Amino acid sequence: MRRLPIPEDVTGMEIDRDVRQELMSLPKTLADDVAMNLVMVARLLDEDPEQAYAYAKVALRLASRVAAVREAAGFAAYGVGKYAEALAEFRAARRMTGASHLWPVMADCERGLRRPERALAMAGEDEVRKLDKAGQVEMRLVAAGARRDMGQAEAAVVTLQSPELASSSSQPWTARLRYAYADALLEVGRESEAREWFAKALEADQSGATDASDRLAKLDGVEFIDALDPEAEDLAEEPEQKPGDSAGG
């Protein structure tokens, strides 16, 4: 079996306690190998999803009967747009644990597979009531996305209107919810309201999870010059022409 290089600073102990507990069913050496590959998946998922996917495949070959491994493989496949594969892995993990937390991302896989009606149906299932608040917000975001996929832009706006959207408290999902609402408003032509909600999204976005600042700037007609663009550099060096000056001065 082909192994991928593991950096020296990765020990496998970095994984969550619950995952390590699952891996205790494996021989120690194997458990350590799987743990290190799972650490690499988590480390690379955002910055290099293709490489994260490669590490996930190694972990999957080593321990396909461990639910945490199937879940990690699902997120890695999801990260590279392999939605059918991701959905299969999430379903496998869910069968093993009976947990509901994967329900929203499973629904989003249905969207990725161009089956928004299935995603919307999942939003109305009993499983949604078993989700925590973050999961329910995620499900609402997926449902609104499915509405937009189906050309139901106004319905998407209504779907996002919720107590969580109206709340003034800041939660990990607040910025994304406000951003999605602003984007939905913009699609139906409610530009002034969209600007207001992009501003609210920016206010809550402490981690830079959205590009709300760019969207605001675009609505305000602000253009940014790329400092690395040679043409932009030429424009910046060109002397300012005062009113009344002629080109031939």
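In the block above lies the structure referred to throughout.
The shown structure was predicted, so the numbers you read here are calculated from the model rather than taken from an experiment.

## So, the packing of helix H2 (residues 28-44) against helix H4 (residues 67-79)
As a packed pair, H2 and H4 sit with axes 11 Å apart at the nearest point and diverge in direction by 30 degrees. As summarised for this structure, H2 and H4 are arranged roughly parallel, according to the angle between their axes. Remark: the crossing between H2 and H4 carries left-handed chirality. Contacts from Val34, Leu38 and Val41 of H2 reach H4 at Val69, Ala72 and Ala76. Across the contact of H2 with H4, the residue classes tally to 6 nonpolar, no polar and no charged.

## Describing the nonpolar core
Grouped together as the largest cluster of nonpolar side chains are 51 residues, with contacts concentrated most on Leu23, Val34, Leu38 and Val69. Secondary-structure elements contributing two or more residues to this core are helix H1 (17-23), H2, helix H3 (49-62), H4, helix H5 (83-97), helix H6 (103-112), helix H7 (116-123) and helix H8 (133-149). The element best represented in this core is H2, accounting for 9 residues. The contacts of valine 69, once residues within four sequence positions are left out, are Val34, Leu38, Ala59, Leu60 and Ala63. In terms of nonpolar packing, the next biggest core, distinct from the first, is built from 21 residues, Ala144, Leu160, Ala201 and Leu216 among them.

Quick notes on the rules
- Along each chain, residue indices are assigned from 1 in the same order as the chain's sequence is written.
- In keeping with the predicted nature of the model, local features appear solely for residues at pLDDT of at least 70, side-chain atom pairs appear and are counted solely at 80 or more, and the whole-chain, interface and lining totals rest on all residues.
- The basis for every side-chain value is the complete set of heavy atoms in the structure, and neither hydrogens nor water enter the calculation.
- In this analysis an axis means a line fitted to C-alpha atoms, helices contributing only their contacting stretch, and an angle means the value between N-to-C directions, from 0 to 180 degrees.
- Strands are runs of DSSP state E lasting at least 2 residues, helices are runs of H or I lasting at least 4, and numbering of each runs from the N terminus.
- Should an angle fall under 35 degrees it is taken as roughly parallel, and over 145 as roughly antiparallel, whereas 65 to 115 is taken as roughly perpendicular and any remaining angle as oblique.
- Crossing handedness is defined as follows: a turn of the near helix away from the far one that is anticlockwise and smaller than a right angle gives a left-handed crossing, while the clockwise case is right-handed.
- The criterion used for residue contact is that any of the two residues' heavy atoms lie within 4.5 Å.
- Nonpolar residues are Ala, Val, Leu, Ile, Met, Phe, Trp, Tyr, Cys and Pro. Charged residues are Asp, Glu, Lys and Arg, and all others, Gly as well, are polar.
- Buried residues of nine kinds, namely Ala, Val, Leu, Ile, Met, Phe, Trp, Tyr and Cys, make up a nonpolar core once their side-chain atoms join them within 4.5 Å.
- The buried label applies to any residue whose accessible area, calculated with a 1.4 Å probe on protein chains only, is under 20% of its type's maximum; exposed applies above 50%, and partly exposed to all values in between.

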